Amino acid sequence: MRSLSLGRIQDVEIKIHPTFGLVIPWVFFNWGFDGVGLVSAAGAVLFGLILVALVFGCVLLHELGHSLMAMQYGIRVHDITLSVIGGVARTELIPTRPRTEVLIALAGPAVNVAIFLGLLPLLLLFGVLSGLEWPRGYVTQIFEVSPAGLVFALFYANVMIVLFNLLPAFPLDGGRVLRAGLSAVVGREPGTRVAAIVGQALALGLAVLGLWLRTFTLPLIALFVAVVAQAEWRAVRLEGAMRRLRVGQFALWDMGGIAPHHPLTYALRGGPRDVAVTDNGRVVGMLWRNQLLRALHGGASGRTVADVMDTEVVTADVDDSVYDVQQRMNQLNRWAFPVIEDGQYRGIFTADRFVHVYRQLAPSPLRPRSSSGFAATVNHLLRAWTR
Ligand SMILES: [Zn+2]
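What you see is a predicted model; the values in this text were computed from it and never measured. (Residues numbered from 1 in each chain as written. Predicted model: local features only at pLDDT ≥ 70, side-chain atom pairs only at ≥ 80, totals over all residues.)

1. Some remarks on the sheet that holds strand β9 (residues 344-350)
Reasoning step 1: Across the sheet, which stays open at both edges, the 3 strands sit in the order β7-β8-β9 with mixed pairing between neighbours. Each having just a single partner strand, β7 (316-317) and β9 make up the two edges of the open sheet.
Reasoning step 2: Strand direction decides the pairing type here: β7 and strand β8 (residues 336-341), joined by 2 bridges, are parallel. Of the residues in β8, the one forming a bridge with A316 is V339. (Pairing = 2+ DSSP bridges. Helix = DSSP H or I, 4+ residues; strand = E, 2+ residues; numbered from the N terminus.)

2. As for the nonpolar core
As a rule of thumb, soluble globular proteins bury nonpolar side chains together.
Reasoning step 1: A169, F170, A203, I221, A222, V225 and A229 are the most contacted members of the largest nonpolar core, which totals 40 residues.
Reasoning step 2: Put simply, the parts of the chain that give this core at least two residues each are α2 (41-72), β3 (77-83), β4 (86-91), α3 (98-129), α6 (173-186), α7 (188-213) and α8 (217-244).
Reasoning step 3: Tallying contributions element by element places α8 first for this core, with 12 residues.
Reasoning step 4: Looking at which domains feed residues into this core, each of domain 1 (1-165) and domain 2 (167-238) supplies at least three. (Core = buried A, V, L, I, M, F, W, Y, C linked by C-beta atoms within 7 Å. Buried ≥ 20, exposed ≤ 12 C-beta atoms within 10 Å, placed from the backbone. Domains from an automatic or database assignment.)

3. Here's the deal with the sheet that holds strand β2 (residues 12-16)
Reasoning step 1: Taken in spatial order, the 4 strands of this open sheet run β1-β2-β3-β4, and their pairing is mixed. Each edge of the sheet is formed by a strand with only one pairing partner; in this case those strands are β1 (4-9) and β4. In this sheet, adjacent strand axes meet at a mean angle of 20 degrees when their direction is disregarded.
Reasoning step 2: Here β2 pairs with β3 via 4 bridges, running parallel. Residue pairing in the sheet places E13 in a bridge with D79 of β3. (Axes fitted to C-alpha atoms, helices over the stretch in contact; angles between N-to-C directions.)

4. What to know about the pairing of β1
Reasoning step 1: Of all 6 residues in β1, 0 are buried; the element is thus mostly exposed.
Reasoning step 2: Relative to β2, β1 runs antiparallel, the two being bridged by 5 bridges. Bridging across to β2, S5 finds its partner in K15.

5. A word on the domain arrangement of the protein
Reasoning step 1: According to the domain assignment, the protein consists of domain 1 (1-165), domain 2 (167-238) and domain 3 (247-359).
Reasoning step 2: Each of domain 1 and domain 2 has a C-alpha centre, and these two points are 21 Å apart.
Reasoning step 3: Opposite the 11 residues of domain 1 that make contact, domain 2 presents 15 residues.
Reasoning step 4: For the side of domain 1 that touches domain 2, the elements supplying multiple residues, two or more each, are α3 and α5 (147-165).
Reasoning step 5: Counting residues per element, the side of domain 1 that touches domain 2 draws most heavily on α3, at 7 residues.
Reasoning step 6: Grouping the amino acids of the side of domain 1 that touches domain 2 by side-chain chemistry returns 8 nonpolar, 2 polar and 1 charged. (Contact = placed C-beta atoms within 7 Å. Nonpolar A, V, L, I, M, F, W, Y, C, P; charged D, E, K, R; others polar.)

6. As for unusual backbone geometry
Reasoning step 1: Geometrically, the link from F170 to P171 is a cis peptide bond, its omega value of 10 degrees lying close to zero.
Reasoning step 2: For P171, the location among the structural elements is in the loop between α5 and α6.
Reasoning step 3: For D11, which is not glycine, the phi torsion reads 70 degrees and is therefore positive.
Reasoning step 4: Note that D11 resides in the loop between β1 and β2.
Reasoning step 5: Phi is positive for D254, close to 45 degrees, though the residue is something other than glycine.
Reasoning step 6: Here D254 falls in the partly exposed class, since 18 other C-beta atoms lie within 10 Å of it.

In structure tokens form, the structure reads like this:
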């Protein structure tokens, strides 16, 4: 069950989730019995397919609105996935300032507002020309299987997309605005907690409403909202915990690193790994595992650590938070940092150590990125999110 890639827009990959296929039987069910008079059932189904394609086009534009705004603030956007319950833009997980979060959240609905405002003159023109009775005539047009009905339905769909997304149910756009507002006052962690609780309460309401209206999409969306709200809350709580932990607590002494004058083979004691190169307690470089192995492959004869080491010194301070160091690991693509205190080497903090800390904080392991399906989508959000 892998998502199908449709291509790229502005370097953002557009994908379709396998569940999107459910749209087809739904169209047949919804429009298949609509054929009356001149319009055959096949014509009605064709109408349904065109309408659904246009509506999902608007959903895609909505997600692109979020994505382009996020990119304005230097946030990387991995991809946009369309599924049967809507679209999700997966962006880099970096906490943004409340103002930025609000702008990114509102950029999506703003696109749909622009679309329905653009359609409005068309509707009014049609309404006046065909003498539609206000408001009944305009409402019934939404269900007409005709070119005019298509425009009316598209207008209605965009209004609904805006209203629905502005519900203050985190992680919907309105919920993000709520979270940003709360964060500005009480801080990011409590703000997310409250927004997630409000989101889950509203999700429950949506599920009940959906069951009452006998529609399967609302309960599905409600489940999605509830699960993602919980996942985001956990991600933010995890982030908070990692911000409080000092990297010094988790640095490994690893025999105090290795000296530059040591022979290369000596670096292999205790197995190949990334080792800090220290001279009189000061960090002078890094001996990366892969460089060491490559050098040894070509024959170590007489070479020393100094010949192979990376002399660019990038260190972390014992008081840096685990979170900050992990962010720097991602940014700099360096998977180990020598940790220093007052200029003296205190140990090494590696990506493996980070995973160790992470496992302790989040006992339920995350599945790898390659897996797909609903749980994976949620995990993606957890890992990558995304506003
Ligand atoms: Zn949105």
